[in-house]
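# Summary of structural features
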Amino acid sequence: MATADWNPLGEFYYRKAEVYSMEWSGLVDIAKHTVAVSTYGGPIALLKDESKTSRVATVAKPVISVYSAAGKLQNQMRWNSGNIITMGWSGTEELLFIQEDGVVLVYDMFLTFKRTFGMGQEAKDIKILEAKIFPSYQGTGIAVMTTSFRIFLTSNIDSPRIVRLAEIPGLNEAPACWTVVLLDRQPRALVAKGEELFLVDQGGQYQNQRPDLSENSGAIIAMAVSFNSKFLALFTQQGLIWIGTSDIQKKYCEFNTKSFQPPQQLVWCGNGAVVGLWDKLIVVVGPDKDWIRYNMDSPVYLVQEEDGLRIIGNDSHEFLHKIPAVTEQIFKIGSMEPGAVLYEASKEFQKQNQKADEYIRMIKDKLDVAVNQCIQAAGHEPEPTIQRMLLRAASFGKCFLTDYRPEAFVNMCMMLRVLNQVRHHSVGIPLTFTQLEHLSMPVLIDRLVLRKMFGLAVKICQYLKIPDSEGRSRILAHWACFKVQQKSEDEEKLARTISQKLVDVPGVSFSEIASQALELGRKQLAIKLLDYEPRASEQVPLLLKMGQDQAALTKAIDSGDTDLVYTVLLRLRDKSSQDFFMMIRGMPIACSLFIQYCRQQNIKLVEDLYYQEDNSWEEGNCKIIRSYSLDDVEERAKLLEDAMNCFLRCKNDFLAKQTEEQIKLIRYQRKLETDTGRSYADQSLQKTLYQLTVEGNHNMAEKFKKEFKVPDRRFWIMKVYALAESGDWIELDKLSRTKKAPVGIETFIDACMKNKNSLEAKKYLSRVPPELKVKCLVRVGLFREAAEAAIESKSEEDFDYILSRLGSAERQVADQVRALRPQLAIRK
Amino acid sequence: MDLQELNKLLKTQLAHLLISIPDSKDLVLDADLTKPLDRVVGIKFLKEHGVEKLYILERGQKTLPGCGKRIYLVRPSMVTMKYIADQIKSEISSGEKRSYKIVLVPRKIHVCEKILESEGVMGHVSIDEFPLELFPLDKDLLSLELPELFTSFFLDNDTTLLHTVASSLVNLQRLFGKIPNIFTIGKGSKMVYDLMNYMSEKSEDKKESKHQIGQMFIIDRDVDYVSPMCTPMTYEALLDETYKIECGVINFDTSGDGKATAASKLLLTSQDEIYTQIRDRHFSNVFSYLSAKAKELQALYNKKNNLTTVGEMKEFVAKELRQLKHQQKILEMHIGGCEHIMKTKEKTDFEETIKTEQCMLAGVETKESMTFIEEGIQKQIPLLQSLRLLCLLSITQEGLSSKDYKAFKTAFLHSHGFEHLVTFFNLKKLGILTEQEGIAASPRVLLPPAFSRKSSYRFLNQKLNLVPKQTEDIDLRDPKDVSYIFSGAYTPLPCKLVEQILVRDSLIGLEDVGKACGGIHSEIKVKNRSLGTVRGAQNIVDPTMKVVLVYFLGGCTFSEIAALRFISKQYDIRIIVATTAIITSYTLLDKVVERNNR
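Now for a look at the structure at hand. Nothing here was measured: the structure is a model prediction, and the numbers come from that model.

## Remarks on the overall build of chain A
Regarding its fold elements, chain A presents 34 helices and 29 strands. Its C-alpha atoms give chain A a radius of gyration of 49 Å, clearly above 28 Å, the size a compact globule of 828 residues would have. Dimensions along the principal axes, computed over C-alpha positions, put chain A at roughly 145 × 75 × 60 Å. In chain A, which comprises 828 residues, the share counted as buried stands at 52%. Relative to all contacts within chain A whose residues are 6 or more apart in sequence, the contacts with residues 24 or more apart total 49%. When the accessible surface of chain A is totalled, it reaches about 39000 Å², and 48% of it is carbon and sulfur.

Shown next as C-alpha cells:
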C-alpha cells in the first residue's frame, strides 16, 4: 500500500522514510558530537570535543570528521586553532569554523584549508558569544554576537564586508535566542528579550515587535525561521509554540506542547510545519495546530531542507516531508483524479486485463492531465520501482494522445536517471526532485566535481548532452587541477596523463592548470603542462611569470601575433637590457619588431641595435636620416662622416664616396650662403647648379661641375633650362652655337617653350634636324606647319603624333590639320 | 552572397560602441579613418548614435572643445597614443572634467596600453576596440584600407598587420563559411594562411556554416611589381592615378584647395550605370561611349517636345527628368575627367613613356629606354615618374648591371638629393630596383640578408606568356585578351596565375613558377572543380566553386582589378577582390621614398 506510511497533518499528509542506512552505524554516536549538515543533501560534519565529554580534564583539541550524507567518512582532522564557537556549511559546501575571536576558517569538504577572514575588530577584541551561518541573496552569510551583545554580520563570505547591526536598547544580558531573517532582501537579526522581539537592521534601525502571544506564555526561549525565510516559529518558557510569518504580522496558531523544557532543536519541515526535538521525540506541528509525533530509537539530528526535513541518526538517515499534491492525487485511496485512474489502467493493462480500456475511457478527455500527473509524481517518488510504474503509466497514456509533446516525459526520465545515480549511497547526495530544480543541474555537477567524482560528472554531462565547454571540458579541467595537487606523482608522468586525457578536449585551458601547478610550487610541471596550451596568448604571460623568458619569446613569435611579441619584448627590456639584446640577436622577427618600436620611440637606439648586429649599412642609413634633423651644418657633416665610416666598414665604397660628396656639397653650400647671402641648403647638386646658373654665377657653376665631375651632357641640360628660366636668351643662343654641343637643338626649343617664349623658340627651328622637325613644330604650337612637314616626309607616325597633340590647339587649326590627313594617303 | 553583410556587421559593432557611452559625445578620428568610416556608416549614422561633434586628431593640438564625453577612434600607433595622452593631460591640468574612451581600430595593442600607462593617463580612459577590417567598396571589391601594410611588412619585416589580414579572413569566413580551397602565393601569404588557421583553430566558435566562397587566393604584392609600375590604361585606373579614388569616392575638383565640394565628389560603384560601362574600358575607348551616351540623353530630353498631354508632361517631369538630370551631371563629370586626364598626359612625354615601357616589357631596345630614363632624370621630371621607369627597367632586366646602377643612382642623387640614398636602399631591399650580383658587388660587401629577393621576370614571362606576342592584334574596343588593360603590353602576373590555377585545377606544371614566386601553397578540400574550357564550364559540381576570392597582400591596382573582372566574365565565374589597399605606382613608391622633411 503506497499510503501506508502517510501520516495526516491537517489536510496534508506527511511521510517519514529512510534514505540511507548509515555507513557509520556502530561507530558514531551523534549525541556525543556537535553536528553540522549541509543542505541539499550535503555532507555531514561532526565535531567531537573530548575535553567536554571526557570525565578527566584533557587539553586535547577537538577532532573533526566529515561524512557523506550516507555516513561514509571523507576525512578527519584534529583541530589545531582557536576555540570553535560555531561550525557550519556554506552554500557551496565549504566547511566554516567560527572561532571565539571572530576568525572564520574555510575548509573544503575534504578538510583542506582554503582561506580565512575575520569578523571585525570588536569580535577580535572582546570575543564572540554565538554565531549564525545563514543563506543570503549574495551567497552565504555569517552573523556573530559579541560579548557586548552587539551583532555583526557579512552577507557574503566570498567577499566579506562586515557591518554592525543596530543595538537593542536595554539589553544587558545575553538574549535567550536570536536568529537571522531575510526581509526585503536584506539580512536582519531577530533577537528575543523576554517576551519581546527586536528586529535590527544594518541601517541602525530597530523595531520592537510583540508577537501576538497568549498571556503568561513566558519569555521566548527558542525560535526558528523557515527555509524560505517567510515563516517564523517561537517557543516560550511555558511550552507554547507560536507559528506565524517572519515579519510577525500574522499568526497562524499557537500550540501548547506542555513541555517546560525547550526543545533541543526547533526547526521547520520545509515551509509547512514546525518540528521540535526532545531527546528521542519528534513533534511535528502544522499551522492549524494539527500534530504528529514520532518516537525515535536513538538520538537524532534534524536538518531543515527546502521541501522537508532530514533526520540523521546513528543508524539511519531519514527524510520527513509533506506528500506532494500530485502524489496524493494519484495514490490517495479512492482518488478519482485522472492520474490515479491512468495509473490503475496501466496496472491493469500489464495484467492484460480489459479493465484497462474501461479506465482509459473514463478519463479520455483528461488524458493529457493524467499523463502529466504521472510524470510529475514519478519525479517526486524516491523509490525507483514506483518511479518506473508511474512512468510506464505515463507512457501508456501517451499512446492515446496524438499530439502530445514528448519533452516533459523524456526530460523527467533523464532527471530521474541522474537523481537515482546521485542518490546511490556510494555518491550520497539524497536530493529530491524539488531540490534539484532549485539547485539546478550545473550546480549538481559542480557538487560532484567538489566530491572529486569526475567520472560520474562527465558521464552525466554526456548523458544530458551538455555542451563540452560547460560540461566535460570544465570537469576535466577540474580533474587536472586536482591531479596537479597530488604531489606524490611523478611530474613527467603526471603531465603526460593530463595531456592524454585533455588533448582532444576543446576549451580546456592548459594555462589554468599550469598556473594551478605553479601556485603549488610545481614549476617544472607547470612548464610541461604549458607546452600543451594551444593559445599562445595564454601561454606567454605564464611563461614570463615563471621566468621562462626565452621560451616565452619563442612562443610569442611562433604565434605570429606581434602584439604578444611586443608584450614579451617590452617586459624583457625592462628587466635587463644587457641580456635582452643578446637574446633577440638570434631572432630576426623579434629584432625587426623591436627596431620598429625604437624607430618611433628613439631613433638613436636603432643605430645602436644595427651596430650590435654588425649591420653597418642600415646603421649608416639611420645616421643619414638622422642627419637631416640636425640644424648645424658641421654637426650634420660629422654625422654623415660617421655614416661614411659605416659604409666603409661594410666595404661599400660606392656609398662611402656618395656620402663623402654629400659632405663636400653641404660644406660648399654653406660657404656659398655666407658668400652670397642666398640659401642653398638642402638643394641637390643639380638644383644648386641650376640656381647658380639662374643667378648668373657661371664661374661657380663651372667650379662645381669640375669638383663633382658632372658629366657634360647633364651640365648642359641644366644650363639650357636655367638660362631659359633666367631669360638670358643671348647666352642661350651663344650656348647653342657651341661646337660639338652634347645636347640637341630640340632641348633649346623645349627650354624656351617651358618658359612660354615661343618667339625665342622659333629662332631655333631652322637648325632642327629633319627627323625631329615635326615634333619641334608641334612643341612650338605650329600644328599646320607640322602637318605639312609630316605630309612632306610622308610619315604617318608623325601625323598621328600631331593628331594626338591637337588637344591644346585652337579648334580652327585642329580642324584644318584633320582636314589635311587625307593628303597623306594620296601622296603615298 | 552579399558583401554588404560585412557592412551591416560593422554598423552593429560600431553602434554598440557608440551606445556604450550614453547620451551625446564627441568623436575624435584619426585622419586616415575618416574616409573608411564615412563609407561604412556615414556621418548621419554617427549623429543618430549621439555623436555631437567630429574632430580630426591632429598633432600638437593641446585641447579640444566639446562636451563631457569623448571617444577617440584611432589606429593603434604609438605616436597617436602620445598625442591623445598629451591632450588628456593638458585638459586635466586645466581642470576640464571629461570621460575618455579610446577605441582602437582594428584591435587593441599592448604597446599602446603600455604607452598610455607610462604617460600616466591609463586611469582616465577606458579602452575598447572596433574591428574595422575588410569592408566593401563595391559588390566585388573589399578593402582593408591599410596602405602602410606594404612597407611595414615587405620593407620593415614587421608582421603586425599580417595579423589583421588573417583576422579579417577569419571573420569573413565566419560570415560566409569556411573556404575549402585555398592557394597562397608568396611568403607573406603563407604566413597569413598559417596564422588564419591558427586563429580559427583556437577560436571557440565552432559553428560551421556552408561555404559560399569556394576558392581563395592570397597573393603577395612582391610576387609582381611589374603591373603597379606600368602606366595604367583603363579608365578607372587612370582616374585613380590622376585624381586618387579614396574609398570609392573621387573628387574631380583639382583646384587643390582641398575643400572638396559635394558638386565635385562622386561615388564610383557598380550602382552607377554609366560608370559600370566605362570603368574597365581601355581609355581610348571611353570617350566614344561618353559622347554616344550624351547624344542619347539629348534624345531623351528632346522627347519632351513630343509630349502632348499635361499628364505625360507631369509624368516626365516627375520621373524621367530627375533621372536625366542626374545622369547628365555624372556624364559631365566623366567628360571633364577624361579631358583632364588627356591634358595631364600631354604635359608629360606620354607616348615616349608608353613606348619605353612596352620596349622594356618586351625586353627590346634597352639602350634607348635607358637613354630616355636618364634624360628624364637630368631634365628633373617629377621624381616618382623617373623612379617608376627606373624600377620597371630593373625588374624587367632582373637587376641593372653594376655600372648602370651606379650611374643611375649618382644621377638621381645629384638631381633629386642625397637623401635618396636611403630610397635606393629601400628599393633594393624590396627587390624592386636592384643591382645584378656577381659582377656587381665585390664579394666582400656584406649584404643584409633581406637582399636575396630577385626579380624572375624573364623566366615568368616566358613560362606564362605575360607579354603577348602580337601586340598589334589586340582590339582595344572589344578585347579578347586580358592584356588589353595595358594596351596589350602585359598581363599582370597575379591575374594570370589565378587564371592558370583555376583552369588547370591543380598546381601541376606550375612548380617552377611557384618557386620563382616565393612559393605556392595549396589546400584543396573540394576536388574536381575544373572550370573546363572558356565559357563551357558545365561540369562544375559545386556552384560555390565558381565564387573566387582573390586577396592581395600589400595592395593591388585598379588595372589588376579590371583584369580580374575580365577573367571573371571570360570564365563565367564570380571573382571578389580583397586587398589591403588600392595602390598606384605613385602611392606605392611614395611610401618607399625617403623624404627630406626639412
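## Structural notes on the sheet that holds strand β1 (residues 25–29) of chain B
Residue and element names in this part refer to chain B. Pairing is parallel in the open sheet, where five strands are placed in the order β2-β1-β3-β4-β5. Looking at strand neighbours, the two that pair on one side only are β2 (51–56) and β5 (125–129), the edges of this open sheet. Ignoring strand direction, the axes of neighbouring strands in this sheet form an average angle of 20°.

## Brief notes about the environment of Phe396 of chain A
Residues and elements named next belong to chain A. Topologically, Phe396 is positioned in helix α7 (residues 384–398). A residue is classified by how much of its surface remains accessible, and Phe396, at 9% relative accessible area, is buried. Once residues within four sequence positions are removed from consideration, Phe396 is found in contact with Leu342, Ala345, Ser346, Phe349 and Ile360.

## Thoughts on the state of the cysteines
Applying the stated criterion across every chain, the model contains zero disulfides over all chains. Here Cys112 of chain B stays free of any disulfide, with the sulfur of Cys598 of chain A as its closest cysteine sulfur at 16 Å. Of the residues examined, Cys112 of chain B reaches a relative accessible area of 1% and is grouped as buried.

## Thoughts on the pattern of salt bridges
Applying the stated criterion across every chain yields a total of 80 salt bridges over all chains. Note that Arg115 of chain A is salt-bridged to Glu94 of chain A, the shortest N-O span being 3.2 Å. Taken together, the residues Arg115 of chain A in strand β10 (residues 113–118) and Glu94 of chain A in the loop between β7 (84–89) and β8 (95–99) connect sequence positions 21 residues apart. Accessibility expressed as a relative area gives 4% for Glu94 of chain A, which makes it buried. Its salt-bridge partner being Asp184 of chain A, residue Arg188 of chain A comes within 3.6 Å of it at the nearest N-O pair. Judged by relative accessible area, which is 67%, Asp184 of chain A ranks as exposed. Where salt bridges share partners, they join Asp138, Asp140, Glu236, Arg279, Asp280 and Arg565 of chain B into one cluster.

## What about the side chain of Gln691 of chain A?
Residue and element names in this part refer to chain A. Looking at the secondary structure, you find Gln691 in helix α25 (residues 685–694). Using a relative accessible area of 19% as the deciding quantity, one classes Gln691 as buried. Once residues within four sequence positions are removed from consideration, Gln691 is found in contact with Ser679, Tyr680 and Gln683.

## Notes on the nonpolar core
Counting residues in each nonpolar core, the largest one holds 184 residues, and the members touching the most others are Phe130, Phe217, Leu239 and Leu549 of chain B. Looking at this core element by element, the count peaks at nine residues for helix α16 (residues 383–396) of chain B. Ala495 and Ile527 of chain A together with Val111 and Val121 of chain B belong to the second largest nonpolar core, which has 129 residues in total.

## A look at the interface of chain B and chain A
In this complex, chain B contributes 56 residues to the contact, which on the side of chain A involves 59 residues. The interface formed by chain B and chain A includes six salt bridges. Note that Glu352 of chain B and Lys775 of chain A form a salt bridge whose closest N and O atoms lie 3.7 Å from each other. Summed over the shared surface of chain B and chain A, the result is 17 residue pairs in polar contact (both at pLDDT 80 or more).

## Here we look at the pairing of strand β18 (residues 206–209) of chain A
With four bridges connecting them, strand β17 (residues 196–200) of chain A and β18 of chain A associate as antiparallel partners. The residue of β18 of chain A that forms the bridge with Phe198 of chain A is Asn208 of chain A.

## Re the packing of α16 of chain B against helix α23 (residues 585–592) of chain B
All names here are of chain B. The interhelical angle for the contact between α16 and α23, taken along N-to-C directions, is 95°, at an axis separation of 10 Å. With respect to α23, the axis of α16 lies roughly perpendicular. Contacts between α16 and α23 involve Leu384, Gln385, Leu387, Arg388 and Cys391 on the former and, on the latter, Ser585, Tyr586, Leu589 and Asp590. Among the residues making up the contact of α16 with α23, the classes are represented as five nonpolar, two polar and two charged.

## Brief notes about the sheet that holds β18 of chain A
Residues and elements named next belong to chain A. Taking strand neighbours across the sheet as the criterion, the four strands line up as β15-β16-β17-β18 in an open arrangement whose pairing is antiparallel. Looking at which strands have only one partner, the edges of the open sheet turn out to be β15 (178–183) and β18. Looking at each pair of strands side by side, their axes are set apart by 25° on average, direction ignored.

## Quick look at the environment of His698 of chain A
All names here are of chain A. Tracing the chain through its elements places His698 in helix α26 (residues 698–707). Distance from His698 to Asp614, taken between C-alpha atoms, is 45 Å for residues 84 residues apart in sequence. For His698, the residues in contact, after removing those within four places along its chain, are Thr693, Lys719 and Leu723.

## Remarks on the packing of aromatic side chains
Residues and elements named next belong to chain A. Applying the stated rule across the entire model yields 35 aromatic pairs over all chains. Each ring, one from Tyr40 and one from Phe227, has its centre 6.0 Å from the other, and the planes form 85°; the classification is edge-to-face. Of this pair, Tyr40 sits in the loop between β3 (34–37) and β4 (44–48) while Phe227 sits in the loop between β19 (220–225) and β20 (231–236), and the two are 187 residues apart along the sequence. Given a relative accessible area of 8%, Tyr40 falls into the buried group.

About the thresholds
- Residues numbered from 1 in each chain as written.
- Chains lettered and ligands numbered in written order.
- Predicted model: local features only at pLDDT ≥ 70, side-chain atom pairs only at ≥ 80, totals over all residues.
- Heavy atoms only, no water.
- Helix = DSSP H or I, 4+ residues; strand = E, 2+ residues; numbered from the N terminus.
- Rg over C-alpha atoms; globule rule 2.2 N^0.38 Å.
- Buried < 20%, exposed > 50% of the residue type's maximum accessible area, 1.4 Å probe, protein only.
- Contact = heavy atoms within 4.5 Å.
- Areas by Shrake-Rupley, 256 points an atom, 1.4 Å probe, with all protein chains shown as cover.
- Pairing = 2+ DSSP bridges.
- Axes fitted to C-alpha atoms, helices over the stretch in contact; angles between N-to-C directions.
- Disulfide = S-S within 2.5 Å.
- Salt bridge = Lys/Arg side-chain N within 4 Å of Asp/Glu carboxyl O.
- Core = buried A, V, L, I, M, F, W, Y, C linked by side-chain atoms within 4.5 Å.
- Polar contact = N/O pair within 3.5 Å; in protein donor to acceptor, adjacent residues only side chain to side chain.
- Parallel < 35°, antiparallel > 145°, perpendicular 65-115°, else oblique.
- Nonpolar A, V, L, I, M, F, W, Y, C, P; charged D, E, K, R; others polar.
- Phe/Tyr/Trp six-rings, centres within 6.5 Å; stacked < 30°, edge-to-face > 60°.

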